[in-house]
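These are the residues of each chain, in order.
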Amino acid sequence: MSFVPGQPVTAVVQRIEIQKLRQGENLILGFSIGGGIDQDPGQNPFSEDKSDKGIYVTRITPGGPAEVAGLRIGDKIMQVNGWDMTMVTHDQARKKLTKKREDVVRLLITRKSLEEAVKHSKGSHPRQ
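Described below are features of the structure shown in this document.

Calculation rules
Residues numbered from 1 in each chain as written. Predicted model: local features only at pLDDT ≥ 70, side-chain atom pairs only at ≥ 80, totals over all residues. Heavy atoms only, no water. Helix = DSSP H or I, 4+ residues; strand = E, 2+ residues; numbered from the N terminus. Areas by Shrake-Rupley, 256 points an atom, 1.4 Å probe, with all protein chains shown as cover. Salt bridge = Lys/Arg side-chain N within 4 Å of Asp/Glu carboxyl O. Buried < 20%, exposed > 50% of the residue type's maximum accessible area, 1.4 Å probe, protein only. Phe/Tyr/Trp six-rings, centres within 6.5 Å; stacked < 30°, edge-to-face > 60°. Lys NZ or Arg CZ within 6 Å of the ring centre and 35° of its normal. Polar contact = N/O pair within 3.5 Å; in protein donor to acceptor, adjacent residues only side chain to side chain. Core = buried A, V, L, I, M, F, W, Y, C linked by side-chain atoms within 4.5 Å.

**So, the overall build of the chain**
Then, number 1: Helices and strands together make up the secondary structure of the chain, namely three helices and eight strands.
Then, number 2: Each helix (α) and strand (β) of the chain, taken in turn from the N terminus, gives the series β-β-β-β-β-α-β-β-α-β-α.
Then, number 3: Of the roughly 8,000 Å² of accessible surface on the chain, 51% is carried by carbon and sulfur atoms.

Next comes the structure, spelled out in structure tokens:
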């Protein structure tokens, strides 16, 4: 998905709800992120045109809360609990995801396979 800062974004999205796992004082999500407006988008392996500064899932813990909820490596996080994540620094994204007072994280994500499925379905049925 190509993204131009300041311009509207059209994306096929999916809602994912992750129940954090409590380990002592810590709440575990079971995934890692990369990206952010303060990072070099050329280093992002999930950015098609190497200019996307979005927040992407870079690692999933096998059997962890994120995997159980359906999150996948390469998913782009568009929102966290209603907060826009399209123009945030890496640290801002991390802080939104790891708030101690929240046992549940509601994500709005997009992934390449979602966009391809919609394009395919639109192309396979002629409009009447």
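There is more to say after this.
**What to know about the pattern of salt bridges**
Then, number 1: Scanning the model with the defined rule gives six salt bridges in all.
Then, number 2: In this structure, Asp 52 and Lys 76 form a salt bridge, with 3.0 Å as the shortest nitrogen-oxygen distance. On the criterion of sequence distance, the pair formed by Asp 52 in the loop between strand E4 (31–35) and strand E5 (55–60) and Lys 76 in strand E6 (residues 76–80) is long-range, its members being 24 residues apart. You'll find Asp 52 and Lys 76 in the same group, each marked buried.
Then, number 3: Among the salt bridges present, the one from Lys 95 reaches Asp 91, with a minimum N-O distance of 3.2 Å. In this pair, Lys 95 and Asp 91 both sit in helix H2 (residues 90–97), four residues apart, roughly one turn of the helix.
Then, number 4: Exposure remark for Asp 91: the relative accessible area of 32% places this residue in the partly exposed category.
Then, number 5: Through salt bridges with shared partners, a single network forms among Asp 91, Arg 94 and Lys 95.

**Description of unusual backbone geometry**
Then, number 1: The phi dihedral of Asn 81 is positive, around 50°, even though this residue is not glycine.
Then, number 2: Residue position: Asn 81 is located in the loop between E6 and strand E7 (83–84).

**What to know about the packing of aromatic side chains**
The geometry of an aromatic ring pair is captured by the separation of the ring centres together with the interplanar angle, meaning the angle of the planes.
Then, number 1: Enumeration over the complete set of coordinates arrives at one aromatic pair.
Then, number 2: With 5.9 Å between their ring centres and 25° between their planes, Phe 46 and Tyr 56 make a pair best called stacked. Taken together, the residues Phe 46 in the loop between E4 and E5 and Tyr 56 in strand E5 connect sequence positions ten residues apart.
Then, number 3: Looking at Tyr 56, the relative accessible area reads 6%, which means it is buried.
Then, number 4: The residue whose ring lies beneath Lys 96 is Trp 83, and the NZ or CZ to ring-centre distance is 3.5 Å.

**Remarks on the side chain of Asp 52**
Then, number 1: Using a relative accessible area of 2% as the deciding quantity, one classes Asp 52 as buried.
Then, number 2: A polar side-chain atom of Asp 52 sits 2.7 Å from the main-chain amide nitrogen of Gly 54.
Then, number 3: A polar contact of 3.0 Å, which involves the side chain of Asp 52, links it to the side chain of Lys 76.

**Brief notes about the nonpolar core**
Then, number 1: In this structure, Ile 18, Phe 31, Leu 71, Ile 77, Leu 97 and Leu 107 are the most contacted members of the largest nonpolar core, which totals 19 residues.
Then, number 2: Elements with a minimum of two residues in this core: strand E1 (14–19), E4, E5, E6, H2 and strand E8 (104–110).

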